[in-house]
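# Coordinate inspection notes
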Amino acid sequence: MQFDQLATPGTVLHTKWMGPGYLADIADGLADLKQHGVVVLLKPFHEPNIGAFWWGSNNPSALRLDAFKRAWQQLVGFLRVTRGLDNLLIGYAANAGGVHHASYYPGDEWVDVLGVDAYRHESAWLTPGGIIGTTAVRSLAPAKPFLFTELGADVDDGHYQYATVITGMRSHERDAVAYLCWKARHNPARNPNPQALMNYPDVVDRANVVIVPVPPPSTPLPPPPPEVDPRKVKLA
């Protein structure tokens with residue numbers, strides 16, 4: 001992946017990346033959600049510290065890390081400044097199973113929440129420090145909320161004990177404010193005793209939350225202003 005060209009305005013790859021079919025279409029979808037009062041937790045380039053995705057590497061060069069951070073800043077600047085999307089929580093999410101958990105961090109002004117994607121055996125949750133990477137990620141910005149941006153089984157066989165996970169999480173990861181169980185067979189409903197997870201005293205689900213519908217605006221959103229160079233903008 002030619003990440004440096006992706007992050008360099010004026011290149012063919014950057015122009016394509018910012019246009020229809022890519023970021024422009026993503027922004028349109030997020031704008032529609034904003035019109036309906038929906039707040040989105042957005043994890044750009046998640047799990048960059050493993051080699052599973054085109055944007056990631058478990059052995060990144062300094063050049064790649066610099067290009068990654070510029071691409072992240074451009075993405076956030078485009079969505080929040082150019083397109084005016086203030087319904088986003090931007091999350092930095094490293095993979096617990098990789099290394100370089102903190103190396104890809106783009107800077108405090110470009111991130112709202114910190115997280116780790118953890119696909120570990122349930123016994124790892126019962127050991128202090130058993131979920132690798134949480135300390136490194138937390139240390140990036142201790143004042144920002146920390147959550148498990150994805151969690152699931154190390155072996156996707158339908159026998160994951162989420163009751164053990166939540167017990168360990170609340171014992172050793174008490175500052176975590178939320179978790180997201182992954183799809184398919186990682187789904188708690190497809191694993192033993194999901195009630196223990198959902199009925200845990202600290203867990204709040206939709207039954208405990210009052211959702212007030214927000215009517216769509218009477219007029220459409222205005223057209224976006226010209227693209228802003230995110231290096232010249234600092235977000236609140």
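Just above, that's the structure.
Presented here is a report on the structure given in the accompanying data block.

### Details of the overall build of the chain
Along its length, the chain carries 7 helices and 5 strands. The order of α-helices and β-strands along the chain, N terminus first, is α-α-α-β-α-β-β-α-β-α-β-α. For the chain, the proportion of its 236 residues judged to be buried stands at 44%. Carbon and sulfur atoms make up 58% of the accessible area of the chain, which amounts to about 12200 Å² in all.

### Brief notes about a nonpolar patch on the surface
A cluster of nonpolar side chains, namely Val-39, Leu-41 and Leu-89, defines an oily patch on the protein surface of about 260 Å² accessible area. Along the chain, Leu-41 falls in strand β1 (residues 40–42). Residue classification places Leu-41 among the partly exposed positions, given a relative accessible area of 42%.

### With respect to the layout of surface pockets
Here the largest pocket is characterised by a volume of approximately 360 Å³. Lining the largest pocket, in full, are Val-39, Val-40, Leu-41, Lys-43, Leu-89, Val-113, Leu-147, Thr-149, Val-177, Ala-178, Tyr-179 and Leu-180. Counting residues per element, the ones that place at least two in the lining of the largest pocket are β1, β4 (146–152) and β5 (176–181). In terms of residues, the lining of the largest pocket owes the most to one element, β5, which gives 4 residues. Its residues placed into classes, the lining of the largest pocket shows 10 nonpolar, 1 polar and 1 charged.

### So, the nonpolar core
Phe-45, Trp-72, Leu-79, Trp-125 and Phe-148 are the most contacted members of the largest nonpolar core, which has 53 residues in total. Counting residues per element, this core draws most heavily on helix α4 (residues 62–82), which supplies 9 residues. Non-local contacts of Trp-72, meaning those with residues more than four positions away in its chain, are made with Pro-44, Phe-45, Ile-90, Gly-91, Tyr-92, Pro-106, Trp-110 and Val-111.

### Section: the packing of aromatic side chains
Summed over the entire model, instances satisfying the criterion amount to 18 aromatic pairs. The interplanar angle of 55° and the centroid separation of 6.1 Å between the aromatic rings of Trp-72 and Tyr-92 together place this pair among those described as tilted. Placement of Trp-72 in helix α4 and of Tyr-92 in strand β2 (residues 88–95) is noted, with a sequence separation of 20 residues between them. When its relative accessible area of 1% is taken as the criterion, Trp-72 is described as buried. Ring geometry for Tyr-92 versus Tyr-105: centroids 5.4 Å apart, planes at 85°, classification edge-to-face. Remark: Tyr-105 occurs in the loop between β2 and β3 (113–119) and Tyr-92 occurs in strand β2; sequence separation between them is 13 residues. Comparing Tyr-92 with Tyr-105, the two get one shared label, buried. By way of ring pairs, the aromatic residues Phe-3, Trp-17, Phe-45, Phe-53, Trp-54, Trp-55, Phe-68, Trp-72, Tyr-92, Tyr-104 and Tyr-105 are connected into one cluster. In this structure, Arg-138 is placed above the aromatic ring of Phe-146, and the distance from its NZ or CZ to the ring centre is 4.1 Å.

### A look at the environment of Val-177
One can find Val-177 in strand β5. What makes Val-177 exposed here is its relative accessible area of 58%. Non-local contacts of Val-177, meaning those with residues more than four positions away in its chain, are made with Pro-145, Phe-146 and Leu-147.

Cut-offs and rules
Residues numbered from 1 in each chain as written. Predicted model: local features only at pLDDT ≥ 70, side-chain atom pairs only at ≥ 80, totals over all residues. Heavy atoms only, no water. Helix = DSSP H or I, 4+ residues; strand = E, 2+ residues; numbered from the N terminus. Buried < 20%, exposed > 50% of the residue type's maximum accessible area, 1.4 Å probe, protein only. Areas by Shrake-Rupley, 256 points an atom, 1.4 Å probe, with all protein chains shown as cover. Patch = residues over 30% accessible without salt bridge, like charges linked within 9 Å, V, L, I, M, F, W, Y side chains within 5 Å. Salt bridge = Lys/Arg side-chain N within 4 Å of Asp/Glu carboxyl O. 1 Å grid on protein atoms, 1.4 Å probe; cavity = no way out; pocket = protein on both sides within 12 Å on 5 of 7 lines; lining within 4 Å. Points joined across faces, edges and corners; volume = space filled by probe spheres on them. Nonpolar A, V, L, I, M, F, W, Y, C, P; charged D, E, K, R; others polar. Core = buried A, V, L, I, M, F, W, Y, C linked by side-chain atoms within 4.5 Å. Contact = heavy atoms within 4.5 Å. Phe/Tyr/Trp six-rings, centres within 6.5 Å; stacked < 30°, edge-to-face > 60°. Lys NZ or Arg CZ within 6 Å of the ring centre and 35° of its normal.

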